[in-house]
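Close look at the chain arrangement
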Amino acid sequence: MKKILLSITALFLGAAVFAESGYDIMKKADEVAEPKTSSSTASLTIHSKKGSDRIREVIMKSKDYGDVSKEVIVFTSPKDVSGTGYLMFEYKEDSNGNKKDSDNWLYLPAMKKTRRIASSGSESEGSFMGTDFTYQDMGDRSLNKYDYNLLGEEAVDGVDCYKVECISKEGTEKDPRYITYISKADYIMRKCEFYDRQNQLHRVLTCTDFTNIKGFTTAQKMKMENVQTGTWSLIETKNIAYDEEDIDDSLFTVAALEKGRIR
């Protein structure tokens, strides 16, 4: 009996040693390899609570510089938003796990003016171009700004996922808590649920139509639904090209943004 108990104890201790924590899972998700350059087009559908849809077309390009990743998004249609551009610099974590806040610029041709968008605070939580996505959603969230709990495992669209609760250390955000579903096979997010300050479900992000492009698992559709208002926004990415061109560095500047340059 004593040997059996010792064996059971050793088995549980071994499981505890090798089990991944919520932080471990999120760190692996954060470290998933990404292409050095990316180019694509996308359709953005904005669904109102009255049931009407607005469709916008955009061109997106990004480039990884090692310590910083730069991305530019330019709206090409319809006419009322054509030329609107968004430029984002996302900085990598240093050796101590610290991450500099992103730099973000929005150009509105109707105003002929570029303004900085704060990477934290109420402005970052504002609607991105009238969608259910926020400016904060468009970038990466710093690992060190959250506490993590592994809630268990759950399948999403037939894919086995880790279910990880992420709680803001500051707690001042509009959605200070979210639960993300990370694929056990590739550590790619499949779904994310955002909860407001009253701990009520606020928004749900679902990623679908996955494809493999040059070894990179890519979601071709991302839908953000506001369950409290009944609105949703869908990004359908097309013409995706990874590591196929040396994108001109000058595209990732405010000057290019104000000229509507994307090529």
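Before reading on, note that the structure itself is shown above.
These lines cover the structure that appears in this document, whether it is placed above or below. Residues take numbers from 1 onward in each chain, read along the sequence in its written order. At least 70 in pLDDT is required for a residue's local features to be given in this predicted model, at least 80 for side-chain atom pairs to be given and counted, and no such filter applies to totals for whole chains, interfaces and linings, which use all residues. Based on all heavy atoms of the structure, the side-chain values leave hydrogens and waters out of the count.

**Overview of the nonpolar core**
- Met26, Ile73, Phe75, Tyr86 and Phe128 are the most contacted members of the largest nonpolar core, which totals 35 residues.
- Contacts are assigned to residue pairs with any non-hydrogen atoms lying within 4.5 Å of each other. Phe128 has contacts with Ile73, Phe75, Tyr86, Phe133, Thr134, Tyr135 and Met138, leaving out every residue within four places of it along the chain.
- Side-chain atoms within 4.5 Å are what join buried Ala, Val, Leu, Ile, Met, Phe, Trp, Tyr and Cys residues into a set we call a nonpolar core. When a residue's accessible area, from a 1.4 Å probe over protein chains only, is under 20% of the maximum for its type it is buried; when over 50% it is exposed; and in between it is partly exposed. Ranked by size, the runner-up nonpolar core spans 14 residues in total, among them Val72, Leu87, Tyr107 and Phe252.

**What to know about helix H2 (residues 22-30)**
- Every buried residue of H2 is listed here: Gly22, Ile25 and Met26. Buried residues of H2 fall within an arc of 95 degrees about the axis and therefore sit on the same side.
- Looking at the buried positions of H2, the neighbouring elements they touch are strand S7 (146-156), strand S8 (159-168) and strand S9 (177-183). Strands here mean DSSP runs of E at least two residues long; helices mean DSSP runs of H or I at least four residues long; both are numbered from the N terminus. The arc in question is the one traced by the directions running from the helix axis out to the C-beta atoms.

**What about the pairing of strand S12 (residues 216-226)?**
- DSSP bridges decide pairing: two strands pair if at least two such bridges lie between them. Note that strand S11 (residues 201-213) and S12 share 10 bridges and pair antiparallel. Looking across to S12, one finds that Thr211 is bridged to Thr218.
- The antiparallel pairing of S11 with S12 creates a hairpin that spans two residues between the two strands, and Lys214 there sits at a positive phi of about 55 degrees.
- Note: S12 against strand S13 (residues 231-242), six bridges, orientation antiparallel. Bridge pairing in S13 links Asn226 to Thr231.
- The hairpin turn running from S12 into S13, its antiparallel successor, is four residues long, and Gly230 in that turn takes a positive phi close to 85 degrees.

**With respect to unusual backbone geometry**
- Cis geometry marks the peptide bond from Ser77 to Pro78; its omega dihedral reads 0 degrees.
- Along the chain, Pro78 falls in the loop between strand S3 (68-77) and strand S4 (85-91).
- With a phi close to 50 degrees, Lys112 is a non-glycine residue in the positive phi region.
- Tracing the backbone through its elements, the reader meets Lys112 in the loop between strand S5 (103-108) and strand S6 (113-116).
- Overall, Lys112 belongs to the exposed group, its relative accessible area being 71%.
- Although it is not a glycine, Asp157 sits at a positive phi angle of roughly 55 degrees.
- The topology assignment puts Asp157 in the loop between S7 and S8.

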